[in-house]
Amino acid sequence: MVIRHVTATVRPLRAAEIAALAPYIPRVDLERVVLHLGHVPWYLPRRFCGIARGRHVYFRRGVYREGTAEGIALLAHELVHVGQYRRGMTAVDYLWSARFGYWNSRHEQAAYALEARVLAELRGRAAAREPAERENHEITGARHDEGGLQSPEIRRPAGDQRNDRTTDDGHTDHP
Ligand SMILES: [Zn+2]
C-alpha cells in the first residue's frame, strides 16, 4: 500500500490534455478533475484498471498512456463519469444503472460512445496529417511512431485497445 502511494502521481490535467479534450468535455470538468496515476481505490475489483469517483479519476499503473490517442480517449471516458457525478449521479445511482450488467448501464454507454468517438477522430486527424509528418520525419530522422498527440499509434488495429482492457469474463476493466 505504502509503496504504491510512493510511486503514484496525483495531478490536474496538463494543457495538452485539456486542449485535446476541449471539443468533447465541458471546461468545468477538465479544470476540476484530479488524476491519480498508479493507484486505485482498494475496493476496485481486479478486473477494472481505472475508475472515476466524483472529480477523481484513478488508473492502475501503466494504464494511461500519455500522448496517445488511446490515452486521450480513455480520459474522455472517465471524464464523462466525472460530469455524471457533477450533475448529481451518486455511486448508488451508478450501481443501479448497472443492475442488468455493466454494458447495460446508460452511464457506461455514454462513456464508451464518447471514448470511441474521440479515438476515431484523433486517429482520423493523425491519418490526415500523415504525408506532411512523414516528410518532416525524413528530414529530422525522427522515428515515425514516436510519442506525442501529433502521432498516435495509428497502425494499431481498432480492436486492440479494447482487448487490452477486457478480461476473459467479458468485462471491461474501467468502470
Ligand atoms: Zn466507465
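Residues numbered from 1 in each chain as written. Predicted model: local features only at pLDDT ≥ 70, side-chain atom pairs only at ≥ 80, totals over all residues.

> Is there a simple way to explain the overall build of the protein chain in this structure?
If you tally the helices and strands in the protein chain, you get seven helices and four strands. Taken from N to C terminus, the helices and strands of the protein chain fall in the order α-β-α-α-β-β-β-α-α-α-α. Here the protein chain holds 175 residues, and the buried ones make up 29% of them. (Helix = DSSP H or I, 4+ residues; strand = E, 2+ residues; numbered from the N terminus. Buried ≥ 20, exposed ≤ 12 C-beta atoms within 10 Å, placed from the backbone.)

> Can you walk me through the sheet that holds strand β1 (residues 9-11) in this structure?
Strand pairs in the sheet, formed through backbone hydrogen bonds, run parallel or antiparallel to each other. Within the open sheet, the four strands sit side by side as β1-β2-β4-β3. Their pairing is mixed. In this open sheet, the two edge strands, each paired with only one partner strand, are β1 and β3 (50-53). Within this sheet the neighbouring strands show an average axis-to-axis angle of 15°, counted without direction. Note: β1 against strand β2 (residues 34-37), three bridges, orientation antiparallel. By the bridge assignment for β2, Thr9 is matched with Leu37. Helix α4 (residues 69-86) contacts β3 and β4 (56-59) of the sheet and is inclined by roughly 25° relative to β3. (Pairing = 2+ DSSP bridges. Axes fitted to C-alpha atoms, helices over the stretch in contact; angles between N-to-C directions. Contact = placed C-beta atoms within 7 Å.)

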